[in-house]
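A structural walkthrough
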Amino acid sequence: MKARELKKGIYFVGGIDWDLRDFHGYLTQKGSTYNSYLIIDEKITLIDNVKYYMADEMIARISEIIDPGKIDIIIQNHIEMDHSGSLPLLMEKCPNAEIYATAKGIYGLKRHYKKEWNFVPVKNGDILNIGKRNLHFVPTPMVHWPDNMVTYCPEEKILFSNDSFGQHIASSERIDKEYPYSILMEEAKKYYANIVMPYGKMVQKELAVASKLDIEMICPSHGLIWEEHINEIVAEYTKWSKNDIEEKALIIYDTMWKTTEKIAHKIQEAFEESNVTTKMLNLKVNHISDVMTEVLTAKYICVGSPTLNNNMLSSVAGFLSYFKGLAPKGRIGLAFGSYGWGGQSIGLIDDDLKKCGFTTLEKIRVEYIPDDDEMKMIKDNLVKQIGKIK
Ligand code: FEO
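All values reported here derive from a predicted model rather than from experimental measurement. (Residues numbered from 1 in each chain as written. Predicted model: local features only at pLDDT ≥ 70, side-chain atom pairs only at ≥ 80, totals over all residues. Heavy atoms only, no water.)

Brief notes about the sheet that holds strand β14 (residues 149–153)
- Reading across from one edge, β12-β13-β14-β15-β16 is the order of the five strands in this open sheet, with mixed pairing throughout. Single-partner strands in this sheet number two, and they are β12 (127–129) and β16 (217–220). The average angle at which neighbouring strand axes cross in this sheet is 20°, direction not considered.
- Pairing of β14 with strand β15 (residues 158–162) involves three bridges; the strand directions are antiparallel. Note that in β15 the partner of C153 across the bridge is I158. (Pairing = 2+ DSSP bridges. Helix = DSSP H or I, 4+ residues; strand = E, 2+ residues; numbered from the N terminus. Axes fitted to C-alpha atoms, helices over the stretch in contact; angles between N-to-C directions.)

Concerning the environment of K104
- Here K104 lies in helix α4 (residues 103–113).
- Along the sequence, K104 and P121 sit 17 residues apart, while their C-alpha atoms lie 8.7 Å from each other.
- Ignoring sequence-local partners within four residues, the contact set of K104 consists of P146 and D147. (Contact = heavy atoms within 4.5 Å.)

As for the packing of helix α10 (residues 314–326) against helix α11 (residues 344–355)
- Remark: α10 packs on α11, axes separated minimally by 11 Å, with the N-to-C direction vectors making an angle of 10°. In terms of their interaxial angle, α10 and α11 are classed as roughly parallel. Of the residues in α11, those in contact with V316, L320, F323 and K324 of α10 are I349, D352 and L353.
- Broken down by class, the residue content of the contact of α10 with α11 amounts to five nonpolar, no polar and two charged. (Parallel < 35°, antiparallel > 145°, perpendicular 65-115°, else oblique. Nonpolar A, V, L, I, M, F, W, Y, C, P; charged D, E, K, R; others polar.)

A short note on the pattern of salt bridges
- Going through the model one piece at a time under the given rule, you end up with 26 salt bridges.
- For the salt bridge of K376 with D380, the shortest nitrogen-to-oxygen distance reads 2.7 Å. Taken together, the residues K376 and D380, both in helix α12 (residues 372–389) and four residues apart, mark about one turn of the helix.
- Connected through salt bridges with shared partners, the residues K7, K157, D214 and E216 form a single ionic network. (Salt bridge = Lys/Arg side-chain N within 4 Å of Asp/Glu carboxyl O.)

Considerations on the nonpolar core
- Of all hydrophobic cores here, the largest spans 85 residues; its most connected members are I74, Y237 and F323.
- Here this core spans two domains, since at least three of its residues come from each of domain 1 (4–241) and domain 2 (249–389).
- Core analysis: the next-biggest nonpolar cluster, separate from the first, contains 24 residues, I16, I39, Y100 and I158 among them. (Core = buried A, V, L, I, M, F, W, Y, C linked by side-chain atoms within 4.5 Å. Buried < 20%, exposed > 50% of the residue type's maximum accessible area, 1.4 Å probe, protein only. Domains from an automatic or database assignment.)

Section: a nonpolar patch on the surface
- There is a patch of nonpolar side chains on the surface, built from M256, W257 and L308 and spanning about 370 Å² of accessible area.
- You can call L308 partly exposed: its relative accessible area is 35%. (Patch = residues over 30% accessible without salt bridge, like charges linked within 9 Å, V, L, I, M, F, W, Y side chains within 5 Å. Areas by Shrake-Rupley, 256 points an atom, 1.4 Å probe, with all protein chains shown as cover.)

Quick look at unusual backbone geometry
- At D48, a residue that is not glycine, the phi angle is positive and equals roughly 60°.
- Along the chain, D48 falls in the loop between β8 (45–47) and α1 (55–65).
- Taking the relative accessible area as the measure of exposure, D48 reaches 3% and is therefore buried.
- Although it is not a glycine, K157 sits at a positive phi angle of roughly 60°.

Quick look at the packing of helix α9 (residues 288–295) against α10
- At a minimum axis distance of 10 Å, the contact between α9 and α10 shows a crossing angle of 45°. Here α9 lies oblique to α10, going by the angle between them. Handedness of the crossing formed by α9 with α10: right-handed. Contacts between α9 and α10 involve I288, S289, V291, M292 and V295 from the former and F319, Y322, F323 and L326 from the latter.
- Grouping the constituent residues of the contact of α9 with α10 by class yields eight nonpolar, one polar and no charged. (Left-handed = near helix turned anticlockwise from the far one by under 90°.)

Structure, rendered in structure tokens:
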């Protein structure tokens, strides 16, 4: 449980959740961290805290540096319980500490913990002097909840960015340059796709603020700290938040008797013939949160399901529910599937894709099993449609 000094007097004292595999529906294969940062100054300051079950780990790290009872100030950049869950235990140790948060943050903390702690509301542009250092507060509503803010320390050139720029990675490494670059960027992409994607416009506002700051270190609330690859992650956030998509088609499906799968492969052939990169994503073997990582940069979203009991398969319905919540925009959709009678699944999928605001291609519906002529027609018709919109 060692604290890690990041700059003189500034320490990582968070929790490393090696076993975490599910973050409300997001498969976190590599675990996660809840990053909490201790600043030793005239006023001892803690920025964010950890999930309730990691409180002892955080307090052990703090205790290595200082008696937790000496904490004067707690900055709560965000109230979600992965960053506030250990407040009740922490406040038993430093009951007189002041808690700085946005007005919405304070409201949320009261709703969660039913305590009248020493709350201090902050607003855009407020600056808190803690001795040799100043902390500047910038609200960033909806990245990730309405209460969010980031904290910037100009003397250290550190941006404490909370959920922004995070990745779900549990590791003993703390700084980006210590960790394999490609895995780090892939996990940052997955995190953006599954947590941040609905809030692209707000991310752009945050990036505009950050572009005016002199930043040597971005300290997020999950995963590795950005130091060597700040330009790269900011460039990726710029691209993702602008919905910069690629000529890439995802064929996302589940299948009952392999006919929908057969159609899926024919759809792939049509895109390949049209020189569009493709990816087959069978929902039986791909987790929906990994599918979303691909969705982040894909222009064509093809979704297929056979009809079962007048509906689509539950795996496809579950995916679409998750997908709609993350609100990707400006895509081209295609619904497909096979059926014995009824065939409702394809229309339901098409409706869902339209509800996302997508332009949709002609639905592909196949009764029972297609013959070679029907398969050829599916491909030729799709190639023609892709040609018109590419
Ligand atoms: Fe990592 Fe919105 O909490």
